[in-house]
Amino acid sequence: MPTPLEQLIEKLQTKATMLQQRHEYLQKGLESKEAEIRTLRDELDSERRKNSELLQKVEYLQVVHSVAPSRSDVAETRALLTGLVREIDKCIADLSD
C-alpha cells in the first residue's frame, strides 16, 4: 500500500501534468487569437486606405462639380460664339465687296 507521501506526490504529478496540458492548450489558443488579431489589423489598415482614397475622390468630385459649367453657362457661351461668328462672317462679306 502506498504511503500518504507517495499518494500526495502522485496527485501533485497528475495535477502538474493536467496544468501543463491546459497551459499548452491555452498557449495554442493565444497564438491563434494573435494571428487573428494580426489579420484583422491588416484588414483594418486596408479599409482605412480605401476610406482615405474614397474621401479624396469625393473631395475631387466636389471640386470638379463646383467648377463644371452649368447648362445656362453653356447656352450663354454658345450664343456668344454664334454672335461672334456672325460678326466675323459680316466682316468677311464686307471685305469681299
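In what follows, the structure referred to is the one given above.
Residues numbered from 1 in each chain as written. Predicted model: local features only at pLDDT ≥ 70, side-chain atom pairs only at ≥ 80, totals over all residues. Heavy atoms only, no water.

Student: So what's going on with the overall build of the protein chain? Which residues, and what values?
Tutor: When you go through the protein chain residue by residue, the secondary structure sums to two helices and zero strands. By the compact-globule yardstick of 13 Å for 97 residues, the protein chain is too spread out, its C-alpha radius of gyration being 41 Å. Each of the three principal axes of the protein chain carries a C-alpha extent, and together these read 140 × 20 × 10 Å. Counting all 97 residues of the protein chain, 0% fall into the buried class. Summing over all exposed atoms, the protein chain offers an accessible surface of approximately 9,700 Å²; the carbon and sulfur share of this is 59%. One way to put it: in the protein chain the 15 positive side-chain charges average out to a point 9 Å from where the 18 negative ones average out. (Helix = DSSP H or I, 4+ residues; strand = E, 2+ residues; numbered from the N terminus. Rg over C-alpha atoms; globule rule 2.2 N^0.38 Å. Buried < 20%, exposed > 50% of the residue type's maximum accessible area, 1.4 Å probe, protein only. Areas by Shrake-Rupley, 256 points an atom, 1.4 Å probe, with all protein chains shown as cover. Lys, Arg positive; Asp, Glu negative; His and termini not counted. Charge placed at Lys NZ, Arg CZ, Asp CG, Glu CD.)

Student: Can you break down the pattern of salt bridges residue by residue, with the values?
Tutor: When their charged atoms lie close together, side chains carrying opposite charge are able to pair. Here the structure, examined in full by the defined rule, presents two salt bridges. A salt bridge links Glu 36 to Lys 33; the nearest nitrogen and oxygen atoms lie 3.6 Å apart. In this pair, Glu 36 and Lys 33 both sit in helix H1 (residues 4-67), three residues apart, roughly one turn of the helix. Between Glu 47 and Lys 50 there is a salt bridge whose closest N-O contact spans 3.7 Å. You can see Glu 47 and its partner Lys 50 sitting in helix H1, three residues apart, about one turn around the helix. (Salt bridge = Lys/Arg side-chain N within 4 Å of Asp/Glu carboxyl O.)

Student: Explain the environment of Leu 5 residue by residue, including any values.
Tutor: Position of Leu 5 relative to the elements: it lies in helix H1. Separated by 44 residues in the primary sequence, Leu 5 and Arg 49 have C-alpha atoms spaced 65 Å apart.

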